[in-house]
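Each chain, letter by letter, is given below.
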Amino acid sequence: MFYREAGDFKTSYQDDAQTFPIKFDRYRYYAVIAVGLLVIPFAINDYWANAVLVPFLIWAIAAIGLNILTGYCGQVSLGTGGFMAVGAYACYKLMTAFPELNIVFVVILAGFVTAGVGVLFGLPSLRIKGFYLAVATLAAQFFLVWLFNRVPWFYNYSASGQISAPERTVFGVPVTGPETSAWAQYMICLLFVVVLAWAARNLTRGTIGRSWMAIRDMDIAAEIIGVNPLRAKLSAFAVSSFFVGIAGALFFAVYLGAVEVGEAFGIQKSFLALFMIIIGGLGSIFGSFAGAAFMVLLPVLLKNVLVGGLGWPTDLAAHLELLIVGGLIVFFLIAEPHGLAALWRTVKEKLRLWPFPH
Amino acid sequence: MLDSGEGYITPDGRQIGGVMMEMKNITLRFGGVVAIKDISFDIREGEIRAIIGPNGAGKSSMLNVINGFYHPQEGEVWFRGEKRPAMRPYEVAELGIARTFQNIALFKGMSTLDNIMTGRMTLMRANILEQALWWGRAQREETEHREKVEKIIDFLEIQHIRKTPVGRLPYGLQKRVELGRALAAEPKLLLLDEPMAGMNVEEKEDMCRFVLDVNDEFGTTIALIEHDMGVVMDIADRVVVMDYGKKIGDGTPDEVRNNPEVIDAYLGVSHD
Ligand SMILES: Nc1ncnc2c1ncn2[C@@H]1O[C@H](COP(=O)(O)OP(=O)(O)OP(=O)(O)O)[C@@H](O)[C@H]1O
Ligand SMILES: [Mg+2]
């Protein structure tokens with residue numbers, strides 16, 4: 001079987017607008033979901049869940065969120081860590097204030113709270129762009145972390161200043177708290193990822209996604225042909241923050257369990273998310289996954305190979321990681337702004353012509 | 001030929017209607033520079049109205065006033081019998097005024113199809129939830145609007161570049177896609193800023209044909225800026241001539257061509 005569209009004609013515009021126009025891609029996508037849902041939960045252990053799978057899934061959500069704002073709408077943000085913190089603290093406050101409320105709703109509500117905060121911090125984008133906007137979001141990052149540190153109401157006046165997630169169950173299975181098993185952690189994150197990635201795909205291929213990209217590519221022309229810049233930018237901030245907030249809530253409640261805000265959601269996290277979308281590919285949902293996978297896997301891989309395999313000291317391996325990431329960022333920014341997603345596309349183009357390249 | 005209000009019949013037999021857009025005593029300044037000086041003119045329903053003049057005369061600025069991008073210090077803009085309040089450009093777009101740009105302003109990262117679909121922004125109604133779930137109006141609209149856009153793509157003969165990112169297209173095709181994006185809005189008034197600039201003879205002929213067809217088939221009123229006098233004389237019903245921000249002539253191509261002031265300021269002198 002060859003990889004191509006030939007013989008796979010589209011007979012309606014609806015078909016033509018599908019996410020995976022090539023049958024093979026569609027099947028591969030279903031296969032990935034099937035493995036994710038039906039195989040991994042039974043094979044998973046604590047190490048894989050903690051070191052790789054759960055952080056990958058959560059970061060994929062955050063990266064999609066940031067990509068919507070930065071990759072699709074062209075509004076640079078250095079506030080991802082701060083917005084994740086909003087999601088985490090909203091989740092904590094809701095969990096403790098309404099213990100009866102199902103955790104799935106709590107996480108979704110935390111997303112909405114973050115969306116609101118995101119819109120608020122998105123207001124300057126109506127006036128300023130580029131570098132200045134990046135600085136404004138950086139200010140948001142520091143302000144939010146400071147706020148959650150300084151106002152005891154947010155951490156329910158706990159002596160340590162930390163927040164920790166009480167146990168909550170879904171269908172009787174604990175998904176937060178110390179009793180949570182690896183597969184349950186994984187499954188709840190996977191469900192959020194699948195639904196959110198699908199929604200992001202729908203948004204970015206439709207009217208609102210085109211309004212974001214129009215603002216990104218040429219904001220003046222966009223407004224003149226009828227894109228309301230206020231609505232386009234603020235909706236990008238809202239949707240992006242919704243995703244990032246959910247990622248923050250899961251990061252806190254499901255993954256870490258207990259959080260100290262500066263450590264868990266500091267500026268490094270903002271940069272990490274930015275690196276993910278640069279390496280994975282700006283303006284691509286697939287790229288968000290690729291970038292998240294890369295940034296989560298790289299340290300694990302280096303640690304296993306260099307420290308575990310070759311016996312290097314840990315700090316040397318960590319430095320090498322910085323070097324590699326830095327080099328790749330420079331490479332992608334200069335040579336391939338659309339990141340791994342574009343490289344992947346090139347491979348597919350080649351495949352489509354193979355074995356007769358002309 | 002001109003009458004008081006009810007319109008007129010062109011030499012080729014088209015009925016031109018009443019006043020659609022009227023600019024009254026427009027003055028636009030940028031600091032010390034006066035780009036437009038006390039200019040009045042009107043555009044009538046169904047007409048092809050040209051604005052000509054040497055470089056820097058203020059033609060593009062006039063289009064920018066019409067679509068709300070510049071706000072004149074003095075004067076009034078009347079649209080369909082009502083004085084238009086100060087509006088943002090996207091609000092003007094919602095009135096049914098679309099345009100193309102002198103320097104192509106396409107969305108470079110998007111395909112031809114998406115660029116033209118974006119032109120229909122003002123006609124889309126699905127809310128964000130419907131779009132996120134690809135449900136109800138969102139899905140229906142996407143298909144309906146795609147059909148309309150495909151008609152435009154056929155009309156402009158750009159089927160083969162449907163899915164190509166526009167940044168990769170040659171200049172002439174980009175101009176055509178930009179026209180498509182403006183047409184997609186189904187505008188009542190279409191503003192074209194030098195649609196044929198930089199084109200070879202063949203491309204110009206194509207573009208002229210498209211402009212005439214749009215006017216003829218959809219009854220779209222067109223205001224265009226053009227430097228090529230041959231083109232203007234061929235396709236325009238009436239012409240406004242600007243020079244240094246002032247209006248120095250207004251009438252049919254023949255009237256304008258024989259106006260001594262225009263000959264002095266513009267036709268007599270080479271501006272290239
Ligand atoms: N945004 C602006 N700021 C300052 N000056 C401007 C601005 N836009 C236009 N101008 C000035 O207004 C005058 C008219 O410019 P405009 O672009 O309208 O001319 P034009 O007739 O379209 O010329 P061309 O044939 O070169 O396109 C010029 O002197 C120009 O420098
Ligand atoms: Mg101009």
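In this text, all values refer to a predicted model and were calculated from it rather than measured experimentally. (Residues numbered from 1 in each chain as written. Chains lettered and ligands numbered in written order. Predicted model: local features only at pLDDT ≥ 70, side-chain atom pairs only at ≥ 80, totals over all residues. Heavy atoms only, no water.)

Considering the site of ligand 1
All names here are of chain B.
- Gly 56, Lys 59, Ser 60, Ser 61 and Gln 102 are the nearest of the 13 residues found near ligand 1.
- In the environment of ligand 1, an oxygen atom lies 3.1 Å from a nitrogen or oxygen atom belonging to the side chain of Asn 55.
- Between ligand 1 and Gln 102 there is a distance of 2.7 Å, counted from an oxygen atom to a side-chain nitrogen or oxygen.
- Against a free-state accessible area of 640 Å², the protein chains account for coverage of 64% of ligand 1.
- Counting residues per element, the shell around ligand 1 draws most heavily on helix α1 (residues 59–66), at three residues.
- Within the shell around ligand 1, the residues separate by chemical class into four nonpolar, seven polar and two charged. (Near = heavy atom within 4 Å. Polar contact = N/O pair within 3.5 Å; in protein donor to acceptor, adjacent residues only side chain to side chain. Areas by Shrake-Rupley, 256 points an atom, 1.4 Å probe, with all protein chains shown as cover. Helix = DSSP H or I, 4+ residues; strand = E, 2+ residues; numbered from the N terminus. Nonpolar A, V, L, I, M, F, W, Y, C, P; charged D, E, K, R; others polar.)

What to know about the nonpolar core
- Counting residues in hydrophobic clusters, the biggest one holds 114 residues, and the most contacted among them are Trp59(A), Cys91(A), Trp212(A), Phe243(A), Leu250(A), Phe252(A) and Phe265(A).
- The greatest single-element share of this core, amounting to 17 residues, is contributed by helix α3 (residues 46–72) of chain A.
- In contact with Trp212(A), not counting residues within four places along its chain, are Ile68(A), Tyr72(A), Cys73(A), Leu203(A), Thr204(A), Ala232(A), Ser235(A), Ala236(A) and Val239(A).
- Among the nonpolar cores identified, the runner-up in size contains 49 residues, and Ile161(B), Leu179(B), Ala185(B) and Val239(B) belong to it. (Core = buried A, V, L, I, M, F, W, Y, C linked by side-chain atoms within 4.5 Å. Buried < 20%, exposed > 50% of the residue type's maximum accessible area, 1.4 Å probe, protein only. Contact = heavy atoms within 4.5 Å.)

Description of the confidence of the model for chain B
- Per-residue confidence for chain B averages 92 on the pLDDT scale, and 96% of its residues sit at or above 70.
- The ipTM value of the predicted complex is 0.92, and its pTM value is 0.92. (pLDDT = per-residue confidence, 0-100.)

Overview of the coordination of the magnesium ion (ligand 2)
- Those donors, Ser60(B) (OG) and Gln102(B) (OE1), are the protein atoms that reach the magnesium ion (ligand 2), and they lie 1.9 to 2.1 Å from it. Of the two residues, Ser60(B) sits in helix α1 while Gln102(B) sits in the loop between β8 (97–99) and α3 (112–118), which places them 42 residues apart along the sequence. (Donors = N, O, S within 2.8 Å, 3.2 Å for Na, K, Ca; no water.)

Considering a nonpolar patch on the surface
- Side chains of Val195(A), Trp198(A), Ile128(B), Leu129(B), Leu133(B) and Trp135(B) sit close together on the surface and give an oily, nonpolar patch of about 620 Å² of accessible area.
- At the level of secondary structure, the elements contributing two or more residues to the nonpolar patch comprise α7 (182–205) of chain A together with α4 (128–133) of chain B.
- The biggest single contributor to the nonpolar patch is α4(B), with three residues.
- With respect to the element layout, Trp135(B) can be found in the loop between α4 and α5 (137–155). (Patch = residues over 30% accessible without salt bridge, like charges linked within 9 Å, V, L, I, M, F, W, Y side chains within 5 Å. Salt bridge = Lys/Arg side-chain N within 4 Å of Asp/Glu carboxyl O.)

With respect to the sheet that holds β8(B)
Residue and element names in this part refer to chain B.
- Here six strands make up an open sheet; going across it, the order is β8-β9-β10-β5-β11-β12 and the pairing mixed. At either margin of the open sheet sits one strand with a lone partner, and together these are β8 and β12 (246–251). Ignoring strand direction, the axes of neighbouring strands in this sheet form an average angle of 15°.
- Relative to strand β10 (residues 221–225), strand β5 (residues 48–52) is paired through four bridges, and the arrangement is parallel. Note on β10: the bridge partner recorded for Ala 50 is Leu 224.
- Here α1 sits on the sheet in contact with β5, β8, β9 (189–193), β10 and β11 (238–243), set at roughly 150° to β9. (Pairing = 2+ DSSP bridges. Axes fitted to C-alpha atoms, helices over the stretch in contact; angles between N-to-C directions.)

Describing the domain arrangement of chain B
All names here are of chain B.
- If you check the domain split of chain B, you get domain 1 (1–96 + 187–272) and domain 2 (108–186).
- The C-alpha centroid of domain 2 is placed 27 Å from the C-alpha centroid of domain 1.
- On the side of domain 2, 13 residues touch domain 1, which itself brings 20 residues to the contact.
- Between domain 1 and domain 2, the buried area comes to about 1300 Å², and carbon and sulfur atoms account for 71% of it.
- Broken down residue by residue, the surface that domain 1 buries against domain 2 is led by Pro 187, Met 207 and Phe 210, which jointly contribute 37%.
- Counting across the interface, domain 1 meets domain 2 through two salt bridges.
- Two residues, Glu 157 and Arg 209, come together in a salt bridge whose shortest N-O distance is 3.7 Å.
- If you look at where domain 1 meets domain 2, you find three residue pairs in polar contact (both at pLDDT 80 or more).
- Looking at the side of domain 1 that touches domain 2, the element that brings in the most residues is helix α7 (residues 201–218), giving eight residues. (Domains from an automatic or database assignment. Buried area = accessible area lost by both parts, 1.4 Å probe.)

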